[in-house]
Amino acid sequence: GAVQRGELPGVVAAAAGREETGFAHGFGVRRLGAPDPMTPDTVAWIASMTKAVTAVAAMRLVEAKRLSLDAPAAEVLPEIAELQVLEGFGADGQALLRAPKRAITLRHLLTHTSGLSYEMWSRQTIAARKALGLPSMNSGRLAALRLPLLFDPGEAWNYGIGLDWAGRMVEAASGQRLGAHFAETIFGPLGMADTAFRLTDAMRARMASVHARGPDGVLTPTDMIIEQDPEFESGGGGLYSTARDYLAFARMILNGGRHGRERLLKPETVAMMAQDQIPRLTVQPMISAMPAATNDADFFPGQPCGWGLSFLVNRRPSPQGRSAGGLAWAGLANTYYWIDHGRGTTGILISQVLPFFDAKAVGLFRAFEATMNAAA
């Protein structure tokens, strides 16, 4: 119905249970004005849905005692110790910086309590990037990660580039490029053949275009593609994938780290990842500082939420029927997922539209989950 009404160019909806393989169906087209249909194997930029994959890779290394959640991250990645706290700006516009009161840890990075931020939700960060002469995140340059902290690690929650630094920790601990490590330890075992940082020819042939929604609501297809030869592979938002592939990943989390005969994580590790790690804090609404990239985003208005090791955690049952303690997150081009351990279900909605938190896409995701829960 959403596609027929012209609200979205195309979507893929997928859902499954612990043992039920479920379904994945496409609706609409990959690009307005072209005939290619959206299908379960349509390739999309999943952006921040990459974060959960990076967290799984990091937690596998924690299990192997090659990373620690609470030791200083600089023990494996010395350059992270160079990050300083932004205290403001001088009369000349220069950033005023000081050393943080405590060291950043992997737990801080996975829970968005490190002090790092995204400029699209922080005018301070926009000003700091300009003052320090840092390249943008979408440049793919390592210098882009050198953003100052907005607060001392552990003292607040703020959505940011922590998972990009966590990805760098995975590389340091594994001795592998992030994409190669993912392919060997996660994508291969889960059969995720269409998930990667670098688009193959086969993936590119099935790729959906990102569409820009103008202030008048009109959708226009773009040729946007993430930097394909970056200095660092973005553990915070660089992956392309399909609904079918990501459903396999989500079912692995739903099943406590197991997928078929493959076990990627111990059940107790997944339980820790799903646990609210910030009980003294609350996830804050994300207020846009870049309207072309994102709208204001608040997943559960008026309802306090926590954060696990890379997941949003709803502390109460949701209006859509998600159990308390459910997991979810999203990607910038309006891709969304939930993992509900209480109900034993997971669902994914893939669209390719900017700005983020598009009202039509969010409304469809919420209605999809509510319909699935009502039918269960």
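First, a word on what this report is: a plain description of the structure on this page. (Residues numbered from 1 in each chain as written. Predicted model: local features only at pLDDT ≥ 70, side-chain atom pairs only at ≥ 80, totals over all residues. Heavy atoms only, no water.)

**Re the packing of aromatic side chains**
Rules: Aromatic pairs are defined between Phe, Tyr and Trp rings, using the six-membered ring for Trp, whenever the two ring centres lie within 6.5 Å; interplanar angles under 30 degrees are classed as stacked, those over 60 as edge-to-face, and all others as tilted. Put simply, DSSP H or I for four residues or longer makes a helix, DSSP E for two residues or longer makes a strand, and each gets a number counted from the N terminus. Only protein chains enter the area calculation, which uses a 1.4 Å probe; residues under 20% of their type maximum are buried, those over 50% are exposed, and those in between are partly exposed.
Taken as a whole and judged by the stated rule, the model has 22 aromatic pairs. Considering the side-chain rings of Phe23 and Phe368, the 6.4 Å spacing of their centres and the 70° angle between planes classify their relative orientation as edge-to-face. With Phe23 in strand E2 (residues 23-28) and Phe368 in helix H9 (residues 359-375), this residue pair connects regions lying 345 residues apart in the sequence. Relative accessible area serves as the criterion here: at 28%, Phe23 is assigned to the partly exposed category.

**Some words on the side chain of Asp164**
In plain terms, the rule: Lys and Arg are tallied as positive, Asp and Glu as negative. Neither His nor the chain termini are counted. Salt bridges are defined as contacts in which a side-chain nitrogen from Lys or Arg sits within 4 Å of a carboxyl oxygen from Asp or Glu. Any two residues whose heavy atoms approach within 4.5 Å at even a single point are treated as in contact.
Structurally, the position occupied by Asp164 is in helix H4 (residues 162-174). Despite its burial, Asp164 pairs with no opposite charge; the closest candidate is Lys51, at 5.6 Å N-O. Aside from chain neighbours lying at most four places away, what touches Asp164 is Tyr118, Met137, Leu145, Phe232, Ser234, Gly235, Gly236 and Gly237.

**Quick word on the packing of helix H1 (residues 50-63) against H4**
When two helices pack together, you describe them by how their axes are tilted relative to each other and by the distance separating the axes. The condition is simple: The convention used is that axes are lines fitted to C-alpha atoms, helices contributing only their stretch in contact, and that angles between N-to-C directions extend from 0 to 180 degrees. Definitions for this section: a left-handed crossing has its near helix turned counterclockwise from the far helix by less than a right angle. A right-handed crossing has that turn clockwise. In the scheme used here, Gly and all other residues not listed as nonpolar or charged are polar, with Ala, Val, Leu, Ile, Met, Phe, Trp, Tyr, Cys and Pro taken as nonpolar and Asp, Glu, Lys and Arg as charged.
Where H1 meets H4, the closest approach of the two axes is 9 Å, and the angle between their N-to-C directions is 35°. Where H1 crosses over H4, the two elements pack in a sense that is left-handed. Seen from H1, the contacting residues are Lys51, Thr54, Ala55, Ala57, Ala58 and Leu61; seen from H4, they are Leu163, Ala166, Gly167, Val170 and Ala173. A class-by-class count of the residues in the contact of H1 with H4 yields eight nonpolar, two polar and one charged.

**Let's talk about the sheet that holds strand E6 (residues 211-213)**
Put simply, the test is: Whether two strands pair depends on DSSP finding at least two bridges between them.
With respect to topology, three strands assemble into an open sheet ordered E7-E6-E16, the strand pairing being mixed. Only two strands of the sheet have a single partner each, and these edge strands are strand E7 (219-221) and strand E16 (353-354). Relative to E16, E6 is paired through two bridges, and the arrangement is parallel. Bridge pairing in E16 links His211 to Val353.

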